[in-house]
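Summary of the model geometry
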Amino acid sequence: MGEKIYYITTPIYYANAELHIGHAFTTLAADIMSRFQKSLGKEVWFLTGSDEHGQKVEQSAKLRGIQPIEHTNEIVKKFKELWDKLNISYNDFIRTTEERHKKTVQYVINKLYEKGDIYSDVYKGWYCTPCERFWTNKEVSEKICPDCKRPVEEIEEKNYFFRMSKYQQKLVDYIKSNPTFIQPEHRKNEVLGFLAKPLQDLCISRPKKRLSWGVEIPFDTDYVTYVWVDALTNYISAIGYPYDIDRFQKLWPANCHLVGKDILTTHAVYWSTLLFALELPLPVTIFAHGWWVVAGGKMSKSVGNVVNPLDLIEKYGLDPFRYYLFREMAFGYDANFSEEGFITRYNADLANDFGNLCHRTLSMIKKFRNGIVKKVAIKHTTSKEIENLATHVKAEFINSMQKYAFNEALQKVWDLINKLNKYIDESAPWTLAKNKDFEKLDEVFYTVIESIRFVANLLIPFMPQTMPKFLEQIGVSNQITQISELEWGQLSGEVKCQEPKPIFPRIDTGKLSSSISEAKNDNSKTNNLINNVEQGKITKNDLELEPKQYSITSETITYEDFMRIQLVVAVVQSAEKVEGADKLLKLQVNLGEETRQIVAGIAQYYKPEELIGKQIILVKNLKPAKIRGIESCGMLLATTTDDGKFTIITPEKPAQIGSRVK
Ligand code: MSP
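A brief look at the structure comes next. (Residues numbered from 1 in each chain as written. Predicted model: local features only at pLDDT ≥ 70, side-chain atom pairs only at ≥ 80, totals over all residues. Heavy atoms only, no water.)

In terms of regular secondary structure, the chain is built from 22 helices and 27 strands. Evaluated residue by residue, the chain yields a buried proportion of 53% over its 662 residues. When contacts within the chain are restricted to residue pairs at least 6 apart in sequence, those whose partners lie at least 24 apart make up 73%. Total accessible area on the chain is roughly 30200 Å²; 49% of this is exposed by carbon and sulfur atoms. Mean positive and mean negative side-chain charge positions of the chain (86 and 84 charges, respectively) differ by 2 Å. (Helix = DSSP H or I, 4+ residues; strand = E, 2+ residues; numbered from the N terminus. Buried < 20%, exposed > 50% of the residue type's maximum accessible area, 1.4 Å probe, protein only. Contact = heavy atoms within 4.5 Å. Areas by Shrake-Rupley, 256 points an atom, 1.4 Å probe, with all protein chains shown as cover. Lys, Arg positive; Asp, Glu negative; His and termini not counted. Charge placed at Lys NZ, Arg CZ, Asp CG, Glu CD.)

See the structure below:
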């Protein structure tokens, strides 16, 4: 038997609404992981699909006056179109309405019934129609559903139950002895917290008189299967269980079920106990990522803040969108989506750090070496350091990816990119060319091009359309290398680089008309939101955040957002008045590694000589601007004192020049 195929799944999405960036995110995560695993030389099977049964679909179809299957056919077509537009490399798409799936669901239910793990009972409880689930007396207060906050009704009826409680202890033991089963760690703890309370048996049927759109219970045709038992079974029905056991064994257990945090319990508890009952192994990992929230709130149709991935792709291109989602969200935690945030990230990381690195390198190679890069032996320590870093970054990238820490993996690649930019600045190829030091010049170009080849190859799973273009520009389009085989020095003897063309052109924020940001900045919309919350039209649940505090009036930023602002301690070396401007002073400030010029509007409060030697806090990565025709590279921090004057913010005790303020 060959090596087990790496099997990864997404949730199967409800076929009752259009998909937004949240759904796109999970599917993209699975796509990136699939491409990454393939790049490690693994055979991969990637499954996604649609969850088509249940009350909501039945109701939507009824409202439209069509059959449920006609309704879901339309929605599924849109799902598939979206996946194509997002360049999703799925291998199979399972629909719960397919025969191959229904057959397996019925087999599973029969098997558990025969085993005595499914029994019938009269059930009395509070039923929530929108959530399609029962709640106990204790869980429901004031006849309101704890999940969706809508009214519940008391129902008494015969139903079928799965003995989930029987497997409670086994599951707790399993989770504890398999530390990577539920990831990330804090989600595992949540599940263990849930399992610390007695587990109820799971109601797995719905009487047809209430819901007919479902998979029939094989031993009682008055009932259909509860939508979650139906849906979860997709992970095994799609790979042949139990009818094609050879194929099934090549794929099962899944290496990873990727899910959002909203459906972790159903996966970690319902699905795991069902698998125990079926005597099948559990998936290697269930990874629950956080939510994309907009302006601090959950995306929802009623709030009107749903972000359609297609709008962004059309405006900015697919790969930047893929990059942004995975760079911005610390996997496992919530992240805030904003179009401004997207643009900032795009301009900083893609247009500036990486795009510009390639562009300026290629321009110099063209200018100084006729576009030719030669493979040379590395002699200088600074170049050797880059080589070592590239090899180290590759290893770290693999390590982070294997932990599903996509943002961390990208950060590692950017460590190399940033170092390369610095290496170019310090090596100053323009001076080497001027001094005709061609040996060193060739070494610098070779080092940078070889590193760009590394970067582009590592980034292919994230940006499969654009990274090959970079490889083409550096003349190594034939060198798309599996990550597992990527080694320093593979660049062939001599390569001819192409004319540099910007692949990530800078987005000019001045010219932008942003539909999303307009909506977000529109105060009347925000006020409506607040009114709606106050009037109870939107439940707090619709806006639920993690941690469970939310602000819809001001945008919160993550720690990472904050860290993108580089605040450093600098010292004023000289200061002088700007002629013809009462308020401005021109300062030369030293930040350790360099001296910069800034223009500050503080002339009314400080005499130039008072400032010499003063420590300031400088916003180091502020885009340079010309103020009254004078270049200003950064901004100092100041505030207003009690008497309405300005005061410069300065460290309480002398600080190290250049040290980061955070
Ligand atoms: N049909 C069930 C899943 C059955 S799997 C056996 C379902 N479908 S869903 O259409 O509601 O999709 C939920 C999934 O979509 C989440 O688990 C998550 O993967 C993704 N997301 C939906 N909204 C999201 C965000 N706002 N942010 C990130 N992902 C979210 O539940």
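There is more to say after this.
Here helix α1 (residues 21-39) contains 19 residues, and its C-alpha end-to-end distance of 26 Å stays within 8% of the 27 Å for a straight helix at 1.5 Å per residue. Most of α1 is tucked away: 17 of the 19 residues are buried. Remark: Gly41 follows α1 within two positions and exhibits a positive phi of approximately 95°. (Expected span 1.5 Å × (residues − 1).)

Once that is clear, we can look at the packing of aromatic side chains. In this structure the tally under the stated criterion is 46 aromatic pairs. Relative to Phe342, the ring of Tyr324 lies with its centre 5.3 Å away and its plane at 70°, an arrangement referred to as edge-to-face. Linking Tyr324 in helix α12 (residues 318-328) with Phe342 in helix α13 (residues 339-369), this pair joins segments that are 18 residues apart in sequence. Note on accessibility: Tyr324 and Phe342 belong to one class, buried. Here the basic side chain of Arg210 rests over the ring of Tyr127, its NZ or CZ set 4.3 Å away from the ring centre. For the cation-ring pair, Arg247 lies above Trp45, with the distance from its terminal atom to the ring centre recorded as 5.0 Å. (Phe/Tyr/Trp six-rings, centres within 6.5 Å; stacked < 30°, edge-to-face > 60°. Lys NZ or Arg CZ within 6 Å of the ring centre and 35° of its normal.)

With that settled, the discussion passes to helix α5 (residues 168-177). Looking only at α5, the buried set comprises Gln168, Leu171, Val172 and Ile175. Buried residues of α5, viewed axially, fall in a sector of 100°; they line one side. Set apart from the buried face of α5 by more than 90 degrees, the exposed residues are Gln169 and Ser177. (Arc of directions from axis to C-beta.)

Take the side chain of Lys261 next. Tracing the backbone through its elements, the reader meets Lys261 in the loop between β12 (256-260) and α10 (264-277). When its relative accessible area of 17% is taken as the criterion, Lys261 is described as buried. Only 3.1 Å separates the side chain of Lys261 from the side chain of Asp334, close enough to count as a polar contact. (Polar contact = N/O pair within 3.5 Å; in protein donor to acceptor, adjacent residues only side chain to side chain.)

Let's shift gears to the nonpolar core. Grouped together as the largest cluster of nonpolar side chains are 105 residues, with contacts concentrated most on Leu86, Trp292, Phe326, Phe354, Phe406 and Trp414. Here this core gets 12 residues from one element, more than from any other, and that element is helix α17 (residues 438-459). For Trp414, the residues in contact, after removing those within four places along its chain, are Tyr323, Asp349, Leu350, Asp353, Phe354, Leu459 and Met463. With 59 residues, the next largest nonpolar core counts Tyr160, Leu192, Leu274 and Leu282 among its residues. (Core = buried A, V, L, I, M, F, W, Y, C linked by side-chain atoms within 4.5 Å.)

Attention now moves to the sheet that holds strand β1 (residues 6-14). Working definition: the strands of a sheet are paired by backbone hydrogen bonds and lie parallel or antiparallel to each other. Across the sheet, 6 strands lie side by side as β3-β2-β1-β12-β13-β7; this open sheet has parallel pairing. At either margin of the open sheet sits one strand with a lone partner, and together these are β3 (92-95) and β7 (182-183). Of the pairings in the sheet, the one linking β1 to strand β2 (residues 44-51) comprises 7 bridges and is parallel in character. Within β2, the position partnered with Tyr14 by the bridge is Asp51. (Pairing = 2+ DSSP bridges.)

Strands sit in the order β21-β20-β19-β22-β25 across an open sheet of 5 strands; the sheet is antiparallel. The open sheet is flanked by β21 (595-600) and β25 (635-636), the only strands paired with a single partner. When strand β20 (residues 585-590) meets β21, the two strands line up antiparallel, connected through 6 bridges. For Asn590, the partnering residue across the bridge sits in β21 and is Thr595.

Next up on the list: the packing of helix α14 (residues 381-402) against α17. The geometry of a pair of packed helices is captured by two quantities: the angle between their axes and the separation between those axes. Direction vectors running N to C along α14 and α17 enclose 5°, while the axes themselves pass 10 Å from each other. By the criterion of interaxial angle, the relationship of α14 to α17 is roughly parallel. Here Ser383, Ile386, Ala390, Thr391, Val393, Lys394 and Phe397 of α14 lie close against α17, whose contacting residues are Glu443, Thr447, Ser451, Phe454 and Leu458. When its residues are assigned to classes, the contact of α14 with α17 shows 6 nonpolar, 4 polar and 2 charged. (Axes fitted to C-alpha atoms, helices over the stretch in contact; angles between N-to-C directions. Parallel < 35°, antiparallel > 145°, perpendicular 65-115°, else oblique. Nonpolar A, V, L, I, M, F, W, Y, C, P; charged D, E, K, R; others polar.)

Now for the pattern of salt bridges. Summed over all chains, the structure comprises 31 salt bridges. Here Glu99 ties to Lys102 by a salt bridge, and the two come within 3.7 Å at their closest N and O atoms. Here Lys102 and Glu99 lie together in helix α4 (residues 99-115), a separation of 3 residues that amounts to about one turn. For Glu99, a relative accessible area of 54% translates into the label exposed. (Salt bridge = Lys/Arg side-chain N within 4 Å of Asp/Glu carboxyl O.)

With that settled, the discussion passes to unusual backbone geometry. A negative phi angle is the norm for most residues apart from glycine, just as the trans form is the norm for most peptide bonds. Going from Tyr241 to Pro242, the amide bond is cis rather than trans, its omega being -10°. Inspection of the secondary structure assignment puts Pro242 in the loop between α8 (234-237) and α9 (245-251). Looking along the chain, the bond that leaves Trp252 and enters Pro253 is cis, with omega of 5°. Tracing the backbone through its elements, the reader meets Pro253 in the loop between α9 and β12. One non-glycine residue, Lys436, lies in the positive phi region at around 60°. A residue is classified by how much of its surface remains accessible, and Lys436, at 61% relative accessible area, is exposed. Phi is positive for Arg628, which is not a glycine, with a value near 50°. Along the chain, the position of Arg628 falls in the loop between β23 (625-627) and β24 (630-632). Under the relative-accessibility criterion, Arg628 is labelled exposed at 58%.

Contact pair helix α2 (residues 55-64) / helix α3 (residues 68-85): the axes reach a minimum separation of 8 Å and the direction vectors enclose 100°. Accordingly, the angle class assigned to the pair α2 and α3 is roughly perpendicular. Judged by residue contacts, Val57, Ser60, Ala61 and Arg64 of α2 engage Pro68, His71, Thr72 and Glu74 from α3. Of the residues belonging to the contact of α2 with α3, the class tally is 3 nonpolar, 3 polar and 2 charged.

Function cannot be read off these values alone, since they describe shape.
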